[in-house]
Amino acid sequence: MGGEMGKIFTLVEHRRGQIHDISFELLTKGRDLAAQLNSEVVALVLGHGTEEVVERVKGEAHQVLWVKGESLKEPNAEAYQIVLSHILKEYNPFLTLIGHTALGMDLAPPLAASLDIPLATDCVGIELEDKRVITIRQPYNGKLNARVSFADAPAFMITLRQGSFPSEEGNLTGKVVDIPSPLEKEPDYRRFVEYIEAAVGEVDITQADVIIAVGRGIKEKENLALLEDLADSLGGVLACSRPIVDEGWLSKDRQVGSSGKTVKPKLYMAIGISGAFQHITGMKNADTIVAINKDPNAPIFNVAHYGIVDDLFKVVPVLKKKILELKG
Amino acid sequence: MDIVVCIKRVPETAEAEIKVDSSGKDILKERLTFDINESDNYALEEAILLKEKRGGTVTLISVGPPECEDTIRMGLAKGADQAIRVSNEGFGELDGFATAEILKNTIQDLSYDLILTGCMATDDGYSQVGPTLAELLGIPHAVLVTKVDLQDGNARVERELEGGLLEALEIKLPALFAIQTGINEPRYASLIAIRRAAAKEIKVLNAQAIGLERPTLRTRVENLFPPPVGKRAEILKGGAEETSKRLAQIYKSKGII
């Protein structure tokens with residue numbers, strides 16, 4: 001199948017010295033695909049002061065391509081694009097895997113376009129079927145799966161959804177190859193200025209044992225009071241999915257999900273939350289998950305332990321009453 | 001400041017039951033309501049806010065069937081100055097790249113300082129059109145943008161990373177920003193404005209007019225299917241009285257109450 005050597009390239013994503021979890025998911029999937037293709041997986045590390053990153057991923061790939069440069073200190077999609085398009089043109093791998101993260105969403109589409117190769121984004125599965133690459137995606141808010149095929153091309157790029165692929169320890173001894181950076185300085189048309197830390201709010205939801213999380217299904221801001229009552233009856237705190245913060249009904253520090261907080265309470269109640277993957281990423285490890293939603297096919301029921309398929313406005317007041325009764 | 005905003009009309013799927021049609025490649029749309037894509041609505045609002053602050057024009061572009069003119073008109077009612085609909089007739093299936101290619105051919109002859117798009121369509125979820133379009137037009141971009149401050153020839157933008165962290169960037173104009181939801185408070189159009197917008201002209205362009213007979217289709221949906229049912233929740237049966245009672249008992253048995 002096309003591409004010189006049919007290698008699998010994976011981008012190691014890291015920021016401020018921390019390697020993003022997705023990097024190991026990409027490497028694990030990369031090794032799986034390389035084994036099926038009788039090929040090799042190559043880790044790409046770009047950055048400045050990345051010795052520890054390289055040390056950590058060496059065992060995960062057959063080869064590590066290492067590009068160093070001060071202009072790559074912060075992951076800047078436009079700078080990464082210049083370096084990666086240079087490398088990918090030279091090495092011509094069969095598949096390039098990138099995380100569907102804030103960086104990957106900024107980087108992969110223009111990179112694939114500049115290389116003139118097909119790209120499938122936000123994939124939750126990759127299959128090799130009869131020498132063809134098929135990806136699985138989840139359109140329509142995760143309510144359906146789609147099998148997506150590529151047009152004929154010598155190389156393909158895929159971005160992978162975080163948390164959808166296993167992450168296993170590799171036992172390879174990757175050869176580290178230094179690649180001189182083709183980038184002398186950060187592109188002047190897009191310059192990194194600074195990081196802005198998340199604001200600290202009145203309640204730290206990551207410390208709560210019981211979280212009552214609300215989503216779009218609550219319809220009006222006024223209905224929050226109903227959920228606050230339920231939270232009080234359980235001694236819990238109110239949290240939410242993204243649309244509630246977008247509406248300005250709750251502050252950003254109450255948001256659970258990939259762009260908000262990751263929580264692991266004893267009880268997580270998802271009320272009127274359909275369960276977009278960005279939300280599920282932030283709460284799937286709670287001990288007990290309960291979902292109330294009127295759509296029986298809402299993806300939230302795939303991670304919940306208990307579910308009630310009903311109108312939340314009917315259930316919540318009764319539930320509060322039953323809890324208070326049992327508490328005595 | 002001349003701003004182009006790319007908008008898409010999408011079915012509302014967050015709270016609806018979604019079923020596959022007989023082709024196996026698309027969904028049944030008869031019972032769904034359609035509206036402007038959520039993040040596109042924020043992009044539109046941002047464009048109008050920037051215009052109100054700095055003057056200039058807002059041009060809407062949407063690729064789609066005649067029905068999407070309702071969505072375009074609502075944008076005109078909110079404050080956009082002009083609109084183009086690129087008819088999708090004859091294009092067949094479109095993916096993220098093909099849509100970006102159509103938009104590139106439509107926009108390249110316009111004069112603009114800024115292009116705004118949403119950061120993701122809630123139907124296909126590609127998150128691909130904005131940054132691909134920027135590449136095809138040869139202008140810088142940023143996605144997941146939550147703040148735009150315009151300076152002379154430059155924009156200082158903030159974009160969302162993970163876990164509540166943001167990064168600030170300085171980007172040269174003209175540029176494309178894919179806007180994240182929550183950046184502003186999208187307005188509602190007044191009835192008078194809606195009535196006035198009904199009479200405005202929407203320029204309709206076809207494949208020939210934009211010089212692109214066949215957009216490049218690089219990915220193809222083979223089929224749609226319900227997600228495999230994993231360890232699904234135990235669904236509590238009965239009315240509110242029964243389900244609530246049962247749930248309270250479960251909480252009691254787990255020591256939560």
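Visitor: Sorry, what's going on with the interface of chain B and chain A here?
Guide: A common way to state how big an interface is: give the accessible area lost once the parts meet. Tallying the contact residues gives 81 residues for chain B and 91 residues for chain A. Around 7,700 Å² of area is buried between chain B and chain A when both sides are counted, 54% of it from carbon and sulfur atoms. Broken down residue by residue, the surface that chain B buries against chain A is led by B:Glu15, B:Glu162 and B:Arg218, which jointly contribute 9%. Scanning the region where chain B abuts chain A turns up 11 salt bridges. In this structure, the salt-bridge partner of A:Asp106 is B:Arg159, at a minimum N-O distance of 3.5 Å. For the side of chain B that touches chain A, the element with the highest residue contribution is helix α7 (residues 240-253) of chain B, accounting for 11 residues. When grouped by side-chain class, the residues that make up the side of chain B that touches chain A number 38 nonpolar, 18 polar and 25 charged. Sheet analysis places strand β12 (residues 190-196) of chain A next to strand β9 (residues 166-172) of chain B, joined by 6 bridges and oriented antiparallel. Following the sheet pairing, A:Tyr195 is matched in β9(B) by B:Glu167.

Visitor: Would you mind showing me how to read the environment of A:Gln138 here?
Guide: Assignment of secondary structure puts A:Gln138 in the loop between β8 (132-137) and α5 (139-142). For the pair A:Gln138 and A:Asp287, spaced 149 residues apart in sequence, the C-alpha to C-alpha distance is 26 Å. When sequence neighbours within four positions are dropped, the list of residues in contact with A:Gln138 reads A:Val124, A:Leu144, A:Asn145, A:Arg161 and B:Pro227. Within the structure, A:Gln138 has its side chain in polar contact with the side chain of A:Asn145 (distance 3.0 Å). A polar side-chain atom of A:Gln138 sits 2.9 Å from a polar atom in the side chain of A:Arg161.

Visitor: Help me understand the packing of aromatic side chains, please; the structure alone is not making it clear to me.
Guide: Centre-to-centre distance and the angle between the planes together describe a pair of aromatic rings. One pass over the structure, following the stated rule, counts 4 aromatic pairs over all chains. Grouping aromatic residues by their ring pairs yields a cluster made of A:Phe94, A:Phe150 and A:Phe156. Of note, A:Arg161 hangs over the ring of A:Phe277, and the distance from its end group to the ring centre comes to 3.7 Å. Directly above the aromatic system of B:Phe97 lies the positively charged group of B:Arg218, at a separation of 3.9 Å from the ring centroid.

Visitor: Even after reading the chapter, I still don't get the pattern of salt bridges, so can you show me in this structure?
Guide: Where charged atoms from two side chains of opposite charge approach closely, those side chains can pair. All names here are of chain B. A full pass over the atoms with the stated rule returns 40 salt bridges over all chains. The closest approach of N and O atoms between Glu17 and Lys19, which form a salt bridge, is 3.7 Å. Since its relative accessible area comes to 42%, Glu17 is described here as partly exposed.

Visitor: How should the nonpolar core be read in this particular structure?
Guide: Nonpolar side chains in soluble globular proteins tend to end up buried together. One finds B:Val5, B:Val148, B:Val157, B:Phe177 and B:Ile179 to be the most contacted residues of the largest nonpolar core, which totals 47 residues. Residue contacts for B:Val5: discarding those within four places in its chain leaves B:Ala43, B:Leu44, B:Ala47, B:Val58, B:Thr59, B:Leu60, B:Ile61 and B:Leu116. Core analysis: the second largest hydrophobic core is formed by 35 residues, A:Ile218, A:Val290, A:Leu312 and B:Ala240 among them.

Visitor: Even after reading the chapter, I still don't get the sheet that holds strand β11 (residues 175-179) of chain A, so can you show me in this structure?
Guide: The strand order across the open sheet built from 10 strands is β11(A)-β5(A)-β4(A)-β1(A)-β6(A)-β10(A)-β7(A)-β8(A)-β9(A)-β12(B), with neighbouring strands paired in mixed fashion. Looking along the sheet, the strands with just one partner apiece sit at the ends: β11 of chain A together with β12 (219-225) of chain B. Going from strand to strand, the sheet's axes swing by 30 degrees on average, the running direction of each strand aside. Inspection of the sheet shows strand β6 (residues 95-99) of chain A paired to strand β10 (residues 156-160) of chain A by 5 bridges, in the parallel sense. By the bridge assignment for β10(A), A:Ile98 is matched with A:Thr159.

Visitor: I would appreciate a short explanation of a nonpolar patch on the surface in the present structure.
Guide: Residues and elements named next belong to chain B. Residues Met74, Leu191 and Ile194 make up a contiguous nonpolar surface patch of about 270 Å² in total accessible area. Tracing the backbone through its elements, the reader meets Met74 in helix α2 (residues 69-78). Note on Met74: relative accessible area 36%, which makes it partly exposed.

Reading the values: the criteria
Residues numbered from 1 in each chain as written. Chains lettered and ligands numbered in written order. Predicted model: local features only at pLDDT ≥ 70, side-chain atom pairs only at ≥ 80, totals over all residues. Heavy atoms only, no water. Contact = heavy atoms within 4.5 Å. Buried area = accessible area lost by both parts, 1.4 Å probe. Salt bridge = Lys/Arg side-chain N within 4 Å of Asp/Glu carboxyl O. Helix = DSSP H or I, 4+ residues; strand = E, 2+ residues; numbered from the N terminus. Nonpolar A, V, L, I, M, F, W, Y, C, P; charged D, E, K, R; others polar. Pairing = 2+ DSSP bridges. Polar contact = N/O pair within 3.5 Å; in protein donor to acceptor, adjacent residues only side chain to side chain. Phe/Tyr/Trp six-rings, centres within 6.5 Å; stacked < 30°, edge-to-face > 60°. Lys NZ or Arg CZ within 6 Å of the ring centre and 35° of its normal. Buried < 20%, exposed > 50% of the residue type's maximum accessible area, 1.4 Å probe, protein only. Core = buried A, V, L, I, M, F, W, Y, C linked by side-chain atoms within 4.5 Å. Axes fitted to C-alpha atoms, helices over the stretch in contact; angles between N-to-C directions. Patch = residues over 30% accessible without salt bridge, like charges linked within 9 Å, V, L, I, M, F, W, Y side chains within 5 Å. Areas by Shrake-Rupley, 256 points an atom, 1.4 Å probe, with all protein chains shown as cover.

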